[in-house]
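Understanding the architecture of this molecule
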Amino acid sequence: AAYVLYAAISIILCSAVRTYSIRTFLMMGFAGFSILALNLGFYTKYSLLIYAILLSVLIIFYWLPLNYLFFKSSSKLTGAVDSSFYMVFPSILGIIMPPLGAYVIKTLGYSWLFGFVAVLFPLCMYIVWKFVPQEIVHTAPLHEVIKEYKGLRTISVLEGSLQFFTGLIIPVYALLFFQRADEIGWFLSYVAVIGLIIAVVVAHFSDKTQQ
């Protein structure tokens, strides 16, 4: 239900917002991540609903501006490799962060973990304010974007399916075999290493053949 709500709100927001202030939106995005962490740290029966809504808002305020900045600086000849590092960079962090997070959970508890995360995002806001120039971007109407995007529909569906699989299915499935936070942390680190190697190799051949 949370994923359905997340997708529905994202579609509405993407069709409604036509002008992006890159630096301002990125700063608001990091503020949203900080609130997201606090929402999970002080868990209530409404936390999942708030989580889904905040993720939808972050599509507009974080992911779209970040995608714009990244692909604006990427060239055609290295696009796949650039994209692989961009998409897998969280996995690089994922090699280190799950065991570290598990240690914090084991010693201090979940609330402390999400509290630490919430405090770090204001630092990211300062970095954006300091180094990202202000730029206003105007987007095309949604129906025009969908028309131009039709050549990428198949790969987008596959990418979205894989993202759902890695973000939800694998962690939930891991709970069938691991009970402790440190066990799950090390397992997710192992998955991150394998994903990083495969993504970089496939992307290299993609750029080499321009396919």
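Given the structure is predicted, the values throughout are model-derived calculations rather than measurements.

1. Some details on the overall build of the chain
Of the regular secondary structure elements, the chain holds 8 helices and 2 strands. For the chain, the N- to C-terminal ordering of α and β elements is α-β-α-α-α-α-β-α-α-α. In the chain, which comprises 211 residues, the proportion classed as buried is 26%. At a minimum sequence separation of 6, the contacts of the chain that also span at least 24 residues come to 79%. Accessible surface computed for the chain: about 14,200 Å², of which carbon and sulfur atoms make up 75%.

2. Let's talk about the packing of aromatic side chains
All chains considered together, the criterion is met by 10 aromatic pairs. Centroid distance Phe-30 to Tyr-62: 5.2 Å. Interplanar angle 70°. Geometry classified as edge-to-face. With Phe-30 in helix 2 (residues 22-41) and Tyr-62 in helix 3 (residues 47-72), this residue pair connects regions lying 32 residues apart in the sequence. Accessibility classification places Phe-30 together with Tyr-62 in one group, the buried group. Geometrically, the ring pair formed by Tyr-62 and Trp-63 is edge-to-face, given 4.8 Å between the ring centres and 80° between the ring planes. An aromatic cluster of three or more residues is present, and its members are Phe-30, Phe-33, Tyr-62, Trp-63 and Phe-121.

3. Structural notes on the nonpolar core
Counting 16 residues, the largest nonpolar core has Tyr-20, Ile-22, Leu-26, Phe-30, Phe-33 and Tyr-62 as its most contacted members. If you list the elements that add at least two residues to this core, you get helix 2, helix 3 and helix 5 (110-131). Tallying contributions element by element places helix 2 first for this core, with 6 residues. Phe-33 has contacts with Leu-58, Tyr-62, Trp-63 and Phe-121, leaving out every residue within four places of it along the chain.

4. Considering the side chain of Ser-34
One can find Ser-34 in helix 2. With near-sequence residues (within four places) excluded, Ser-34 lies in contact with Ala-118, Phe-121 and Pro-122.

5. Quick notes on the confidence of the model for the chain
Residues of the chain with pLDDT of at least 70 account for 79%, and the chain-wide mean is 80. Looking over the chain, one finds the lowest element-wise mean pLDDT in helix 6 (residues 142-148), namely 70, and the highest in helix 2, namely 93.

Cut-offs used in this document
Residues numbered from 1 in each chain as written. Predicted model: local features only at pLDDT ≥ 70, side-chain atom pairs only at ≥ 80, totals over all residues. Heavy atoms only, no water. Helix = DSSP H or I, 4+ residues; strand = E, 2+ residues; numbered from the N terminus. Buried < 20%, exposed > 50% of the residue type's maximum accessible area, 1.4 Å probe, protein only. Contact = heavy atoms within 4.5 Å. Areas by Shrake-Rupley, 256 points an atom, 1.4 Å probe, with all protein chains shown as cover. Phe/Tyr/Trp six-rings, centres within 6.5 Å; stacked < 30°, edge-to-face > 60°. Core = buried A, V, L, I, M, F, W, Y, C linked by side-chain atoms within 4.5 Å. pLDDT = per-residue confidence, 0-100.

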